[in-house]
Amino acid sequence: TARHHRWKTYATFASVFYMVLVPCSIVLMLFFSRSEINSIMTEIMMLEEQMKGKHTTLAEFASSRDQNQRAISKRTMALALCFQSSKPGFWWYSIWLLVIRLMQTVMLMTFAKPSVQATFAAAVGLLAAILQRELKPYRRPRDDTVALASQIVVFAWCVTLLLVRVRVLQINSSGGVSVAGL
């Protein structure tokens, strides 16, 4: 119907807007602030080393700065949620995680077959887990560990979904799971 077509057009527009324009706009703001972000995060990590690992937020760091030091820009302070848990140089990582989640949810609408959706989501999950393991972008090692564990859980869930979709795993009416052919 015409109404369905309008809603489909709206959903497509909203998906493209949210999947492309929102992450790109945030990345651009972070990109233009990256030198200040990297400088600040380096200072914060040095301060934490001196304080024997006591975690310091950007707001705490900004309020403790000397009056003679250059003030942290309002834009950088507004973007703090995106980078304050990351090591210097990883100002982009939170947006990468946003893109990963969008690819595992919204982008799946573009595939008609559930098995293709599950395969795509599993591949994206594997990529995310590998990058998390190799980059270790967080300031605290335990944050890297928790993030890797969560990426592995999402990957395992997507692989399980794929195995159910291609009927390697079968779920019976009582909720039990069996492997096809066994």
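Fair warning: this is a prediction, and the values are worked out from it, not measured in the lab. (Residues numbered from 1 in each chain as written. Predicted model: local features only at pLDDT ≥ 70, side-chain atom pairs only at ≥ 80, totals over all residues. Heavy atoms only, no water.)

**Topic: the overall build of the chain**
- Counting its regular elements, the chain contains eight helices and two strands.
- Taking 16 Å as the expected radius of gyration for a compact globule of 182 residues, we find that the chain reaches 21 Å, considerably beyond that expectation.
- In terms of its C-alpha atoms, the chain occupies a principal-axis envelope of roughly 70 × 50 × 25 Å.
- The buried share of the chain, reckoned over its 182 residues, is 27%.
- Looking at the chain alone, contacts between residues at least 24 apart form 60% of all its contacts between residues at least 6 apart.
- Within the structure as shown, the chain displays about 11900 Å² of accessible surface, and the carbon and sulfur contribution to it stands at 67%.
- Of the side-chain charges in the chain, 20 are positive and 9 negative, and the distance between the mean point of each set is 16 Å. (Helix = DSSP H or I, 4+ residues; strand = E, 2+ residues; numbered from the N terminus. Rg over C-alpha atoms; globule rule 2.2 N^0.38 Å. Buried < 20%, exposed > 50% of the residue type's maximum accessible area, 1.4 Å probe, protein only. Contact = heavy atoms within 4.5 Å. Areas by Shrake-Rupley, 256 points an atom, 1.4 Å probe, with all protein chains shown as cover. Lys, Arg positive; Asp, Glu negative; His and termini not counted. Charge placed at Lys NZ, Arg CZ, Asp CG, Glu CD.)

**Concerning the packing of helix α7 (residues 114-135) against helix α8 (residues 141-165)**
- Where α7 contacts α8, the axes come no closer than 8 Å and their chain directions differ by 160°. Accordingly, the angle class assigned to the pair α7 and α8 is roughly antiparallel. Considering the relative orientation of α7 and α8, their crossing is left-handed. Every residue of α8 that contacts α7 at P114, S115, A118, T119, A121, A122, G125, L126, A128, A129, Q132 and R133 is listed here: D144, A147, L148, Q151, I152, F155, C158, V159, L161, L162 and R165.
- In terms of residue class, the contact of α7 with α8 is made up of 15 nonpolar, five polar and three charged. (Axes fitted to C-alpha atoms, helices over the stretch in contact; angles between N-to-C directions. Parallel < 35°, antiparallel > 145°, perpendicular 65-115°, else oblique. Left-handed = near helix turned anticlockwise from the far one by under 90°. Nonpolar A, V, L, I, M, F, W, Y, C, P; charged D, E, K, R; others polar.)

**Thoughts on the pattern of salt bridges**
- Taken as a whole and assessed by the stated rule, the structure comprises four salt bridges.
- For E43, the salt bridge goes to R65, with nearest N and O atoms at 3.5 Å. One end of the pair, E43, is in helix α2 (residues 34-50); the other, R65, is in the loop between α3 (58-64) and α4 (74-78), with 22 residues separating them in the sequence.
- The partly exposed category is assigned to E43, whose relative accessible area is 23%.
- Residue E134 is joined to R133 by a salt bridge in which the shortest nitrogen-to-oxygen separation is 2.4 Å.
- Exposure remark for R133: the relative accessible area of 48% places this residue in the partly exposed category. (Salt bridge = Lys/Arg side-chain N within 4 Å of Asp/Glu carboxyl O.)

**Examining the nonpolar core**
- Of all hydrophobic cores here, the largest spans 16 residues; its most connected members are L30, L58 and F83.
- F90, Y93, W96 and I100 belong to the second largest nonpolar core, which has nine residues in total. (Core = buried A, V, L, I, M, F, W, Y, C linked by side-chain atoms within 4.5 Å.)

**Details of helix α6 (residues 93-104)**
- The end-to-end C-alpha distance of α6, which contains 12 residues, comes to 17 Å, matching closely the 16 Å that a straight helix rising 1.5 Å per residue would cover.
- Within the sequence span of α6, burial applies to Y93, I95, W96, I100, L102, M103 and Q104. (Expected span 1.5 Å × (residues − 1).)

**Looking at α8**
- In this model α8 runs 36 Å from its N-terminal to its C-terminal C-alpha over 25 residues, within 8% of the 36 Å that 1.5 Å per residue would give.
- Along α8, the residues that are buried comprise D144, A147, Q151, C158 and L162.
- On the buried face of α8, the contacting elements are α6 and α7.
- Count one or two residues on from α8 and you reach R167, which has phi positive near 65°.

**Some thoughts on a nonpolar patch on the surface**
- Taken together, the side chains of F13, V16, F17, Y18, V20 and L21 define a hydrophobic patch exposed on the protein surface, amounting to about 590 Å² of accessible area.
- Relative to the helices and strands, V16 resides in helix α1 (residues 2-32). (Patch = residues over 30% accessible without salt bridge, like charges linked within 9 Å, V, L, I, M, F, W, Y side chains within 5 Å.)

**Some thoughts on the environment of W92**
- Looking at where W92 falls in the secondary structure, it is placed in the loop between α5 (80-83) and α6.
- Since its relative accessible area comes to 30%, W92 is described here as partly exposed.
- The spacing of W92 and F31 is 61 residues in sequence and 7.9 Å in space, taken between C-alpha atoms.

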